[in-house]
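Summary of the model geometry
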Amino acid sequence: MKSIRYLYRIGNGPSSSHTIGPSRISKYAVKNFPNADHFDVTLFGSFALTGRGHMTDRAIVSSCAPIPANIFFDYKTKTEHPNTVKFDIYNKDGTHKILWATSPGGGSIRIGNEKSAPEPEVYKEKNFAQIRKVCEKNNWTLVDYVVNREGEEIFDYLGEVYDAMMDSIERGLKATGELPGRLHVKRRAKDFLKSLYVDESEVGNSFRLMYAYAFAVSEENASGGIVVTAPTCGSCGVLPSVMKYYGEKYKKPRKTILEALAVAGIIGNVIKYNASLAGAEAGCQAEIGSACSMAAAAYAYLKKEDIDGIECAAEVAMEHSLGLTCDPVGGYVIIPCIERNAIAAIRAVAAGRLAEYAHASNAVSFDTVVETMYKTGKDLNKRYRETAKGGLAESFIRAMKKGSKKPARPKHKKRIIDAK
Ligand code: SF4
């Protein structure tokens, strides 16, 4: 497995696979083909179907600058990976070259037939069972394990990651108005802090604040703002919400918070290397489910759980995300994505709390649930894997067409139907 640096990427939303990945592929093309006159860039699969809503086209054009890029959407040609892009490179000397690339999720990229991204492997262990074994043998905690493999300097990077997460919360809590795109959805993070929504009970108050934080980050993401892939842009609100709320509630020092991020990173890494983090490959369980697992593990660490408690929290969080489909309305990372982040933050804490009581008797291992998630994702009908053709993406638009569901903003009805 590679460094958790490549799991936590800081970049512009709204999608790690559809904006950060394509942006990195574009920069690769610019760097490796400096004599290009222009690029004709063709998007396939999920890139073609949801690329406009996910701002893939904009990410490519801006990352190719100053080399001009023309974008084409190919809805018909089948490719091996759903997030595939082809660059036709037209050089100034009249020659022509082709570059194929894919964006498998979390901002990773694969160029041509490369089997994996060109980053070094720093973890020999391939799954959680192997990690547990090496920890037991050396009497390490999961944090010791990360430090042994990555070095203490990983905390410098995790500090940048944490600061970027908190910045996105602060920006999101201040912002007002509508999110970009044709859905005309209002930003709501700030509203959760207003008295109208205040529930005086402790539980109600904690929910309200976690919702506010998760909405703040997710709305920044939907606006193309800077977020951290945790593990993806679409699911970027879950972990920061839990970290901020419980970091402050328990008055944890910065070092402990960064350690919790390292623990969450290991959980995300195990999912990344044994399954998938991409909604286009395995549905929303791969994005929100993974974020929920990571946040549950971070919460368990903040509550001083040992490796058993952390594994149980991560397992329970994923187990109860199984089957979650990816169905972004209009191809935007807005409905249902933003609310899913908020609910997953609460679910992560619920999983962590269940683990406090249940870890000794938990029957399912984390590796087993990760394998299950991947198989379930592969079994999902393609419509539920980031094509914006199934689930809410289909029924919401259909209801709008029939007029059977009153839209939030009826005057924009036609524009919403045109979103695809
Ligand atoms: S539905 Fe889930 S996986 Fe799909 S775009 Fe939204 S957050 Fe990502």
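Cut-offs and rules
Residues numbered from 1 in each chain as written. Predicted model: local features only at pLDDT ≥ 70, side-chain atom pairs only at ≥ 80, totals over all residues. Helix = DSSP H or I, 4+ residues; strand = E, 2+ residues; numbered from the N terminus. Rg over C-alpha atoms; globule rule 2.2 N^0.38 Å. Buried ≥ 20, exposed ≤ 12 C-beta atoms within 10 Å, placed from the backbone. Contact = placed C-beta atoms within 7 Å. Pairing = 2+ DSSP bridges. Axes fitted to C-alpha atoms, helices over the stretch in contact; angles between N-to-C directions. Near = placed C-beta within 6 Å. Nonpolar A, V, L, I, M, F, W, Y, C, P; charged D, E, K, R; others polar. Arc of directions from axis to C-beta. Domains from an automatic or database assignment. Parallel < 35°, antiparallel > 145°, perpendicular 65-115°, else oblique. Core = buried A, V, L, I, M, F, W, Y, C linked by C-beta atoms within 7 Å.

Of the regular secondary structure elements, the chain holds 16 helices and seven strands. Taking 22 Å as the expected radius of gyration for a compact globule of 420 residues, we find that the chain reaches 21 Å, a close match to that expectation. Taken along its principal axes, the extent of the C-alpha atoms in the chain is 65 × 50 × 40 Å. Each of the 420 residues in the chain was classed as buried or not, and the buried ones make up 52%. Partitioning the contacts of the chain with sequence separation of at least 6, the portion at a separation of at least 24 is 78%.

A word on the sheet that holds strand E6 (residues 108–111). Spatial ordering of the open sheet is given by E3-E2-E4-E5-E6, a layout of five strands whose pairing is mixed. Where the open sheet ends on each side, the last strands, each with one partner, are strand E3 (69–74) and E6. Across the sheet, the axes of successive neighbouring strands diverge by a mean angle of 25°, strand direction being ignored. Along the sheet face, helix H1 (residues 16–32) touches strand E2 (36–44), strand E4 (84–91), strand E5 (96–105) and E6 and points at about 150° away from the line of E5. The sheet contacts of helix H3 (residues 56–64) involve E2 and E3, and relative to E3 the element is tilted by about 155°.

With that settled, the discussion passes to the environment of Ala350. For Ala350, the position within the fold is in helix H13 (residues 337–358). C-beta crowding within 10 Å serves as the criterion here: with 17 such atoms nearby, Ala350 is assigned to the partly exposed category.

Turning our eyes to something else, we now look at the site of the ligand. The environment of the ligand is formed by 14 residues, the closest being Gly234, Gly279, Cys284, Cys326 and Cys337. Its residues assigned to classes, the shell around the ligand shows seven nonpolar, three polar and four charged.

The topology assignment puts Leu173 in helix H6 (residues 154–174). With 139 residues separating them in the primary sequence, Leu173 and Cys312 have C-alpha atoms 32 Å apart.

A cis amide bond links Gly13 with the next residue in sequence, Pro14, at an omega value of 10°. Considering the arrangement of structural elements, one finds Pro14 in the loop between strand E1 (10–12) and H1. For the bond running from Ala230 to Pro231, omega is 5°, close enough to zero to count as cis. As for its placement among the helices and strands, Pro231 is situated in the loop between strand E7 (226–228) and helix H8 (238–249).

Before going further, it helps to spend a moment on H3. For H3, the complete set of buried residues consists of Thr56, Asp57, Ala59, Ile60, Ser63 and Cys64. Take H3 and look down its axis: the buried residues cluster within an arc of 165°, on one side only. Lining the buried residues of H3 we find H1, E2, helix H2 (45–50) and E3.

Bringing the domain arrangement of the chain into the picture now. Domain boundaries in the chain define domain 1 (4–111) and domain 2 (128–396). Domain 1 puts 28 residues into the contact, and the matching count from domain 2 is 39 residues. Elements with a contribution of two residues or more to the side of domain 1 that touches domain 2: E1, H1, H2 and E5. The element that contributes the greatest number of residues to the side of domain 1 that touches domain 2 is H1, accounting for four residues. Of the residues belonging to the side of domain 1 that touches domain 2, the class tally is 10 nonpolar, 15 polar and three charged.

This part covers the packing of H6 against H8. It is at 10 Å that the axes of H6 and H8 come closest, and there the two elements cross at 90°. Our classification of the angle between H6 and H8 gives roughly perpendicular. Along its contact with H6, which presents Met165, Met166, Ser168 and Ile169, the element H8 presents Pro240, Met243 and Lys244. Counted by class, the contact of H6 with H8 contains five nonpolar, one polar and one charged residues.

One finds Val242, Ala295 and Ala298 to be the most contacted residues of the largest nonpolar core, which totals 123 residues. A per-element tally of this core places helix H11 (residues 288–302) first, with 12 residues. The residue makeup of this core includes at least three contributed by each of domain 1 (4–111) and domain 2 (128–396). Excluding residues that lie within four positions of it along the chain, Ala295 makes contacts with Val238, Leu239, Val242, Ala264, Ala345 and Ala348.

For the rest of this paragraph, the subject is the environment of Arg383. Along the chain, the position of Arg383 falls in the loop between helix H14 (366–379) and helix H15 (392–402). Judged by the 16 C-beta atoms lying within 10 Å of it, Arg383 falls in the partly exposed class. In the structure, Arg383 is positioned 361 residues away from Pro22 in sequence and 22 Å away in space, judged by C-alpha atoms. Apart from the residues lying within four places of it in its own chain, the contact partners of Arg383 are Lys389 and Gly390.

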